[in-house]
Amino acid sequence: MASSTHNQQQQQRHHHHPNPYGTTAAPPPTPSTQPHPHSTSDAGADALSRLLQRLPPSLSTLPNRRSSPPSTTTTSPPLVSLSDPSRTLTASILSASQLGYFQLTNHSISPQLARSAESESLSLFNLPLDQRETSFPKNWPLGFDGEDTEDESFCLDSSCSTESAELSLTSLLEFTCEMEKVGLEVIEALSCAVGFENPARKDPTRVCSLMWISDGSPGNKPVMLGKFYPYVVGLQYQINCQKKYSMLADSGWVSVLPQVDSVLVTLGDIAQVWSNGNLKKVRGRATPVLGDGNSSPHCISMSVLLTLPLDSIVSPLLPRGAAGDGEEDGVNEAQDGGAGKKKERRFHSFPFEDYAWSVYHERLLLKDPLDRYRAPE
C-alpha cells in the first residue's frame, strides 16, 4: 500500500508535460522517505499528522491550514522606497527584514496595468470548470487547482502560457514580468543589506517566478495559509484600499493594511536559509481578508513568487566578499547584525523539490517546516 501511494505521488508530481524548471531526471523520493538529520525527531509529528488526518472533523482539534487565523490588530507595514539612495534603501531593507515583510513604494508598476491584470485574473474564475481544468499546463505546481472549492487557484509560470488559443492574458503577462523585475531588485537589495551572495546577479536562471492567482470570495471560509509553496520573496500589488492581509510571520500572526498602489513584499523561507537565518520570514503567502464595506463577490489575490527551479539545492550562501571558500559545511566571516564574526551554518542543505512537495501537500503545519533542516546549536 505504501509503495502504491508513493507511485501515485510521483505521477502527480510529474505529468506527461516536460518540466519547465529544468528537471528531466526521474523524481526523487518524496520527503517522507528522504532521510535527513532530524528524521527521528520528526517521526512523532509525522505520526500525529497522519493520525489527525484520519480522525473525524469533530475530533480534529488542532488548527489546519483552512482554519481562521487568530484575531490580530491591523497595522501598516514598514515603508521602503525603491527611489531612495542606495545607502538609505539598504538601511530600510535591513530594518524591515527583522519583521519579514514591508510595503514597497516608488516602484515601476502602473496602477492601470495592475487593474487590467486583475480583470483578466477574474475572468479565469468565470470560465466553465472543464475549461479551467484543460486550458492550462498540468505540470506541478502549474495549472488549475480546484480540488478544494474553498481555495481554488491558478499557478502560472512567468510566461502565463495557456493551452487555449481563445484565452488572451496579455496584461497578466506584462504585470507578471514587471513584478518579477521588482522582485529581483528586492533580492539584490536584501543581499547587499544582509551580506549574502545573490545567485541571480550573475545567473538569472538560478531564480524563476510563479504567478499564483486565488479567489478569496466572501462566501468562502477564511483560509489560513492557502497553498504553501517555498519562495525567496513574494509580491502582492495593493489595488483595493479595503484589502487587508493576514499572514504568519516568525513573530506570530499579523494583519496588515498596505497603502493603495504599494507592493506588499514578504520574505520567504528560501531567503531565510540563504541569509543563514539572519532574515525573518513569512510562512506561505499573505492571505487577503475583505474589509467590512466590500460587497464584491470576489477578492482576487495575485501573488508573484520569486522562487527556485525544482532541481535546485537550497543552502546558506557565502557572505559577499568572502574569498573563495567553497566548503559546504560552514559560513565564514558572516555578517550578523553588522558585527563581523565567524558563524556556523544554521541550516543543512536540502533539495528544493523535496521540500516544496512536502510543504505543498502537508495538511497540518504543527511547526515551522524549516525546523527539520536546522543545524544543531
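Residues numbered from 1 in each chain as written. Predicted model: local features only at pLDDT ≥ 70, side-chain atom pairs only at ≥ 80, totals over all residues. Heavy atoms only, no water.

Caption draft 1: Structural detail: helix α4 (residues 111-125). Over its 15 residues, α4 extends 22 Å from the first C-alpha to the last, a length consistent with the 21 Å expected when each residue adds 1.5 Å. Turning to α4, its buried residues are L113, A114, A117, E120, S121, L124 and F125. End-on view of α4: buried residues confined to an arc of 150°, all on one side of the axis. (Helix = DSSP H or I, 4+ residues; strand = E, 2+ residues; numbered from the N terminus. Expected span 1.5 Å × (residues − 1). Buried < 20%, exposed > 50% of the residue type's maximum accessible area, 1.4 Å probe, protein only. Arc of directions from axis to C-beta.)

Caption draft 2: Examining helix α3 (residues 86-96) more closely. If you check which residues of α3 are buried, you get L89, S92, I93 and A96. Down the axis, α3 shows its buried residues gathered within 100° of arc, on one side only. Facing away from the buried surface of α3 by more than 90 degrees, the exposed residues are R87 and S95. If you follow the buried residues of α3, they end up packed against β2 (79-81), β3 (101-105) and α6 (170-194). (Contact = heavy atoms within 4.5 Å.)

Caption draft 3: Spatial organisation of the packing of aromatic side chains. Following the criterion strictly, the structure yields 14 aromatic pairs and no others. Each ring, one from F196 and one from W274, has its centre 6.3 Å from the other, and the planes form 55°; the classification is tilted. Highlighted residues: F196 in the loop between α6 and α7 (199-202) and W274 in helix α8 (residues 269-274), separated in sequence by 78 residues. W274 shares its class with F196; the two are buried. Here the aromatic cluster, defined as three or more aromatic residues joined through ring pairs, consists of W140, W212, Y229, F352, W357 and Y360. (Phe/Tyr/Trp six-rings, centres within 6.5 Å; stacked < 30°, edge-to-face > 60°.)

Caption draft 4: The confidence of the model for the protein chain, seen in detail. Of all residues in the protein chain, 67% attain a pLDDT of 70 or more, and the chain-wide mean is 77. Predicted confidence is poor over residues 14-41, with pLDDT under 50, and the contacts of this stretch with residues over four places away or in other chains come to 57 contacts. For the stretch residues 321-340, pLDDT sits under 50, and the model shows 34 contacts to residues farther than four places along the chain or on other chains. (pLDDT = per-residue confidence, 0-100.)

Caption draft 5: Representation of the pairing of strand β12 (residues 300-307) in the model. The buried count for β12 comes to eight of eight residues, which makes it a mostly enclosed element. With burial as the criterion, each face of β12 is covered, one bearing I300, M302, V304 and L306 and the other bearing S301, S303, L305 and T307. Relative to β12, strand β6 (residues 208-215) is paired through eight bridges, and the arrangement is antiparallel. If you follow C208 over to β12, its bridge partner there is T307. As defined by bridge partners, strand β7 (residues 233-237) adjoins β12 across four bridges and the pair is classed as antiparallel. (Pairing = 2+ DSSP bridges.)

Caption draft 6: Structural view of the sheet that holds β2. One open sheet accounts for eight strands, arranged β2-β3-β10-β7-β12-β6-β5-β4; its pairing is mixed. Strand pairing shows two members of the sheet lacking a second neighbour, β2 and β4 (143-145), which therefore form its edges. Within this sheet the neighbouring strands show an average axis-to-axis angle of 25°, counted without direction. In the sheet, β7 pairs with strand β10 (residues 263-267) via five bridges, with the strands oriented antiparallel. From the neighbouring strand, L235 faces β10, where its bridge partner is V265. In this fold α3 packs onto β2 and β3, with an angle of close to 150° to the strand it touches most, β2. (Axes fitted to C-alpha atoms, helices over the stretch in contact; angles between N-to-C directions.)

Caption draft 7: Molecular detail of unusual backbone geometry. Following W140, the chain continues into P141 via a peptide bond in cis, with omega recorded as 5°. Position of P141 relative to the elements: it lies in the loop between α5 (129-134) and β4. The backbone phi angle of C160 is positive, close to 50°, even though this residue is not glycine. Note that C160 resides in the loop between β5 (153-157) and α6. Assessed through its relative accessible area of 6%, C160 is described here as buried.

Caption draft 8: The pattern of salt bridges, seen in detail. According to the stated counting rule, one finds nine salt bridges in the structure shown. A salt bridge links E152 to R132; the shortest N-O distance between them is 3.1 Å. Remark: R132 occurs in helix α5 and E152 occurs in the loop between β4 and β5; sequence separation between them is 20 residues. Judged by relative accessible area, E152 falls into the buried class, the value being 15%. Taking relative accessible area as the criterion, R132 reaches 11% and is therefore assigned buried. Through salt bridges with shared partners, a single network forms among D250, K281, D368, D371 and R374. (Salt bridge = Lys/Arg side-chain N within 4 Å of Asp/Glu carboxyl O.)

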